[in-house]
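# Chain and residue survey
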There are 4 protein chains.
Amino acid sequence: MNTALKLFAEEGYYITSIDKIAKAANISKGLIYNYFQNKEDLLSEIFHFGLDEIFKSFDQNHDGILTKDEFILFIENSLDKLENSRDFWKLYFILIMKPMIYKMFEKSLNEYLSPIMQMLENYFTNQGSENPEAEAKLIGAILDGVGMHYILNPENFKIKEVKEIIIKKYI
Amino acid sequence: MNTALKLFAEEGYYITSIDKIAKAANISKGLIYNYFQNKEDLLSEIFHFGLDEIFKSFDQNHDGILTKDEFILFIENSLDKLENSRDFWKLYFILIMKPMIYKMFEKSLNEYLSPIMQMLENYFTNQGSENPEAEAKLIGAILDGVGMHYILNPENFKIKEVKEIIIKKYI
Amino acid sequence: MNTALKLFAEEGYYITSIDKIAKAANISKGLIYNYFQNKEDLLSEIFHFGLDEIFKSFDQNHDGILTKDEFILFIENSLDKLENSRDFWKLYFILIMKPMIYKMFEKSLNEYLSPIMQMLENYFTNQGSENPEAEAKLIGAILDGVGMHYILNPENFKIKEVKEIIIKKYI
Amino acid sequence: MNTALKLFAEEGYYITSIDKIAKAANISKGLIYNYFQNKEDLLSEIFHFGLDEIFKSFDQNHDGILTKDEFILFIENSLDKLENSRDFWKLYFILIMKPMIYKMFEKSLNEYLSPIMQMLENYFTNQGSENPEAEAKLIGAILDGVGMHYILNPENFKIKEVKEIIIKKYI
DNA sequence: CATGAATGAGCTTTCATTCAT
DNA sequence: GATGAATGAAAGCTCATTCAT
């Protein structure tokens, strides 16, 4: 799964053949099919495993209500996560854009994301925002946009400085 | 090219066969190869044509120096462009994440983007920003993030309201 | 289709690879898939084509009512058919025994066979037989049994003499 | 062996994987290879075991000369055997049609069948038949044809009534 | 006696590409 | 200009078989 994640992330899902994965992992093609029903299933397992890893760290100590400090922390955490598991995020941004593949993950993705979006919306409501829903969606889009640019080019995209600017805008 | 753009955008590049394109366009497979060297070349032509279409509307009347009003207008224009040519943007977000394919377009993309990024950086310098480069990169990331979310789900992502919020943050 | 029929009949359906067929027919593997959706479809086309060929010669000049002479002629015709298109019959006896495959052809086979069985039953009814249905089924079984033995070993199974004996039993 | 017989008979030899057999029998794949050299050997053992079971009941009290009553009894016995061990007979009719596989069993099959065929031929000679060899072959073909039809569709093929008709024709 | 992880040859199928017409 | 029959490399996948445990 690690080898496959790396290859899927670096070269893409369709371009990466089962044979390539097997060779890179020093195992036989057949063995992959002892553990995964097919190529799509392998992708699915990798992606769901990654999602669990990422989002389980969000669940802690939240009653679903954010203070301002917690909101700032949320943004910081979200961006910090990018630095670990870059491969997962690369795969995430590849997959999210493919409608056919996206369908496979839409449901589980929403299970993770919708409570977070709701939490953000509540936060903006409490802050007296005029349009909390749009504010929440903007946050989501900004985090994805920054994530995407950072993942694409980690050396040149000074994420720490960008993070600070974002936070300044929300204090 | 239109048919291929639509299919590439909706289903993905690898999943779309030349045969499918030909059938959808009511022409023969062979005819495609009279006009394009190969599948990659077809993709390249489509993408470059799209890039030209999009970015030629930016070039107008700019000496490379933005006033505050022009900066606001730039953001508005950038987001308004999404509403036309959704197919192109879908393809754009698909391709941008694939390193192997991205290489094909990196150069021409940079030719369009780097003057814009420079212009933004200059703007933030003139505004007395502490970190103009990071500010410019943030703008780029926000526009891509919002674009991606809008393209993925145009009905639910209220782009007009999001646009207003962004602008408010920059006035 | 001819090459495939011969191979399917001689070696069996599963044992005959598409590659073998292509090589024996001096064409490429890919070409087969221009004309047939998959291996099963190839088999299906071959079998239905063969069925049509065989049974169209039965339809002539019958109002569905057999005289004794016509009944005798029917038996003779049925057995004479074996001598042409032996490959088809070999395939027929292979397929008829495979439940999974048989399902594919059951419907079209019944379309051909059930009027014939009905005709035979009527004949035996008119002859004053005690159990016309069983008589008809016996005829069917005898023709298949003789067909099978002849096809399996045409040199040793003296079909002409067997045919005469059968007819004698029914005069 | 019982599990494998059932699966081979119901689905076919090639379509039935060793893994399927092992799972259906609640044992491991490896265990099968402790008792049988390979898949073909498993088939061979099953088939020979079945042949022995079937034909050992024929050998009794026969000096090789049939009276008329014994001949009638032989037909009755042959058809009664179908009702037990349907799975074996299904396998028998599948295998008998595959030349490649048939080769494996031809010799042992002939060991059982040729004395029977000889016995039948002698019977018809003693009856003053014009063509005893063809008569014997016809009996063989009829028994196989009836067997095949019965095995294919035991519910609809009224074997008792068919049996009576056959016997009536030979009294 | 029993397991099942592991292998790899070989299968069906797809598809970009060519080329005679 | 335009076709589509034909190719063949390469993909995903299956499965008989082995073997360390």
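Here, the structure is the one placed above.
The structure reproduced in this document is the subject of the present report. Bear in mind the structure is a predicted one, so any value in this text is a computation, not a measurement.

### With respect to the arrangement of the chains
- Nothing in chain A touches chain C; the tightest C-alpha to C-alpha distance between them is still 20 Å.
- Of all C-alpha pairs spanning chain A and chain D, none lies closer than 12 Å, and the two are not in contact.

### Brief notes about the relation of the copies chain D and chain C
- Between chain D and chain C, the superposition needs a rotation of 180 degrees and an axial shift of 0.0 Å, giving an RMSD of 0.1 Å. Classification of the inter-copy transformation places it as that of a two-fold axis. By C-alpha distance to the rotation axis, the residue of chain D lying nearest is D:G145, at 1.8 Å.
- Looking at chain D, 100% of its interface residues are interface residues in chain C too, so the copies touch through the same face.

### Details of the interface of chain A and chain B
- Across the boundary between the two partners, chain A contributes 39 residues, which contact 38 residues of chain B.
- Of the roughly 3,600 Å² buried at the junction of chain A and chain B (both faces included), carbon and sulfur atoms supply 73%.
- The largest contributions to the chain A side of the interface with chain B come from A:M97, A:M148 and A:K169, which together make up 18% of the buried area.
- Put simply, chain A and chain B have two salt bridges between them.
- At the boundary of chain A and chain B, one finds six residue pairs in polar contact (both at pLDDT 80 or more).
- A per-element tally of the side of chain A that touches chain B places helix α8 (residues 132-152) of chain A first, with 14 residues.
- Each residue belonging to the side of chain A that touches chain B can be placed in one class, and the counts come to 21 nonpolar, six polar and twelve charged.

### As for the protein's contact with DNA strand F
- Surrounding DNA strand F, one finds 29 residues, the nearest of these being A:K29, A:Y33, A:K39, D:I18 and D:K39.
- Across the atoms of DNA strand F situated within 4 Å of the protein, the share located in sugar and phosphate is 64%.
- Between A:Y33 and DNA strand F, the recorded distance is 2.7 Å, taken from a side-chain N or O atom to a phosphate oxygen.
- Within the backbone of D:I18, a nitrogen or oxygen atom sits 2.7 Å from a phosphate oxygen of DNA strand F.
- Secondary-structure elements contributing two or more residues to the surface near DNA strand F are α3 (29-35) of chain A, α3 (29-35) of chain B, α3 (29-35) of chain C together with α3 (29-35) of chain D.

### Comments concerning the packing of helix α6 (residues 86-96) of chain C against helix α7 (residues 99-126) of chain C
Residues and elements named next belong to chain C.
- It is the contact of α6 with α7, at a shortest axis distance of 9 Å, that shows an interaxial angle of 115 degrees. Put simply, α6 runs roughly perpendicular to α7. Touching Y92, L95 and I96 of α6 are I101, Y102, F105 and L109, all from α7.
- Of the residues belonging to the contact of α6 with α7, the class tally is seven nonpolar, no polar and no charged.

### Quick look at the interface of chain D and chain C
- Taken together, the contacts link 38 residues of chain D with 39 residues of chain C.
- Buried area between chain D and chain C, summed over both chains or domains, comes out near 3,600 Å², and the portion from carbon and sulfur atoms is 73%.
- For the pair chain D and chain C, the interface holds two salt bridges.
- Broken down by secondary-structure element, the contributors of at least two residues to the side of chain D that touches chain C are α1 (2-11), α6 (86-96), α7 (99-126), α8 (132-152) and α9 (159-170) of chain D.
- Per-element accounting of the side of chain D that touches chain C gives the leading share, 14 residues, to α8(D).
- Its residues placed into classes, the side of chain D that touches chain C shows 21 nonpolar, five polar and twelve charged.

### Section: the relation of the copies chain A and chain B
- Rotating chain A by 180 degrees and moving it 0.1 Å along the rotation axis overlays it on chain B with an RMSD of 0.1 Å.
- Both copies contact each other with a shared surface, as 97% of the interface residues of chain A are interface residues in chain B too.

### Observations concerning the environment of B:I21
All names here are of chain B.
- Take I21: it is sitting in helix α2 (residues 18-24).
- For I21, a relative accessible area of 4% gives the class buried.
- Placed 31 residues apart in sequence, I21 and D52 show a C-alpha to C-alpha distance of 23 Å.
- With residues near it in sequence (within four places) discarded, I21 still touches T3, A4, L7, F8, T16, I32 and L42.

### Comments concerning the protein's contact with DNA strand E
- DNA strand E sits among 28 residues. The nearest are B:I18, B:K39, C:I18, C:Y33 and C:K39.
- When the atoms of DNA strand E within 4 Å of the protein are sorted by group, sugar and phosphate make up 62%.
- The backbone of A:S28 places a nitrogen or oxygen atom 3.0 Å from a phosphate oxygen of DNA strand E.
- Between DNA strand E and B:K29, the relevant distance is 3.3 Å, taken from a base oxygen to a side-chain nitrogen or oxygen of the residue.
- If you list the elements that add at least two residues to the surface near DNA strand E, you get α3 of chain A, α3 of chain B, α3 of chain C together with α3 of chain D.
- In terms of residue class, the surface near DNA strand E is built from ten nonpolar, twelve polar and six charged.

### Notes on the environment of D:N131
- Within the secondary structure, D:N131 is located in the loop between α7 and α8.
- Of the residues examined, D:N131 reaches a relative accessible area of 21% and is grouped as partly exposed.
- In sequence terms D:N131 and D:K98 are 33 residues apart; their C-alpha atoms lie 30 Å from each other.
- Every residue in contact with D:N131, bar those within four places of it in the chain, is listed here: C:E161 and C:I165.
- Polar contacts involving the side chain of D:N131 include one to the side chain of C:E161, which spans 2.3 Å.

### Quick look at the nonpolar core
- Counting residues in hydrophobic clusters, the biggest one holds 123 residues, and the most contacted among them are A:F71, A:I75, A:V146, A:Y170, B:F71, B:I75 and B:V146.
- Counting 122 residues, the second largest nonpolar core, distinct from the first, contains C:F93, C:L95, D:A134 and D:Y170.

### Description of helix α4 (residues 39-55) of chain D
- When the terminal C-alpha atoms of α4(D) are compared, their 24 Å separation across 17 residues agrees well with the 24 Å that a helix rising 1.5 Å per residue should span.
- Considering only its buried residues, α4(D) is in contact with α1, α2 (18-24), α3, α5 (68-83), α6 and α7 of chain D.

### Let's talk about the side chain of B:S129
All names here are of chain B.
- Counting through the fold element by element, S129 comes out in the loop between α7 (99-126) and α8 (132-152).
- Of the polar contacts made by the side chain of S129, one reaches the backbone nitrogen of N131; its length is 3.2 Å.
- Look past the residues within four positions of S129 in its chain and what remains in contact with it is F124 and E135.

### A few points about the pattern of salt bridges
- Scanning the entire structure with this criterion turns up 23 salt bridges over all chains.
- Put simply, A:K56 and A:E53 hold a salt bridge, and the shortest N to O gap is 3.2 Å. Separated by three residues within a single helix, A:K56 and A:E53 lie in helix α4 (residues 39-56), roughly one turn from each other.
- Classification of A:E53 as partly exposed rests on a relative accessible area of 41%.
- The partner of B:E135 in a salt bridge is A:K169, with the nearest N and O atoms 3.9 Å apart. Residue B:E135 is located in helix α8, and its partner A:K169 is located in helix α9 (residues 159-170); the two belong to separate chains.
- When its relative accessible area of 11% is taken as the criterion, B:E135 is described as buried.
- The class for A:K169 is partly exposed, based on a relative accessible area of 27%.

Definitions and limits used
Residues numbered from 1 in each chain as written. Chains lettered and ligands numbered in written order. Predicted model: local features only at pLDDT ≥ 70, side-chain atom pairs only at ≥ 80, totals over all residues. Heavy atoms only, no water. Contact = heavy atoms within 4.5 Å. Least-squares fit on C-alpha atoms with pLDDT ≥ 70 in both. Buried area = accessible area lost by both parts, 1.4 Å probe. Salt bridge = Lys/Arg side-chain N within 4 Å of Asp/Glu carboxyl O. Polar contact = N/O pair within 3.5 Å; in protein donor to acceptor, adjacent residues only side chain to side chain. Helix = DSSP H or I, 4+ residues; strand = E, 2+ residues; numbered from the N terminus. Nonpolar A, V, L, I, M, F, W, Y, C, P; charged D, E, K, R; others polar. Near = heavy atom within 4 Å. Axes fitted to C-alpha atoms, helices over the stretch in contact; angles between N-to-C directions. Parallel < 35°, antiparallel > 145°, perpendicular 65-115°, else oblique. Buried < 20%, exposed > 50% of the residue type's maximum accessible area, 1.4 Å probe, protein only. Core = buried A, V, L, I, M, F, W, Y, C linked by side-chain atoms within 4.5 Å. Expected span 1.5 Å × (residues − 1).

This is a description of form; function is not addressed.
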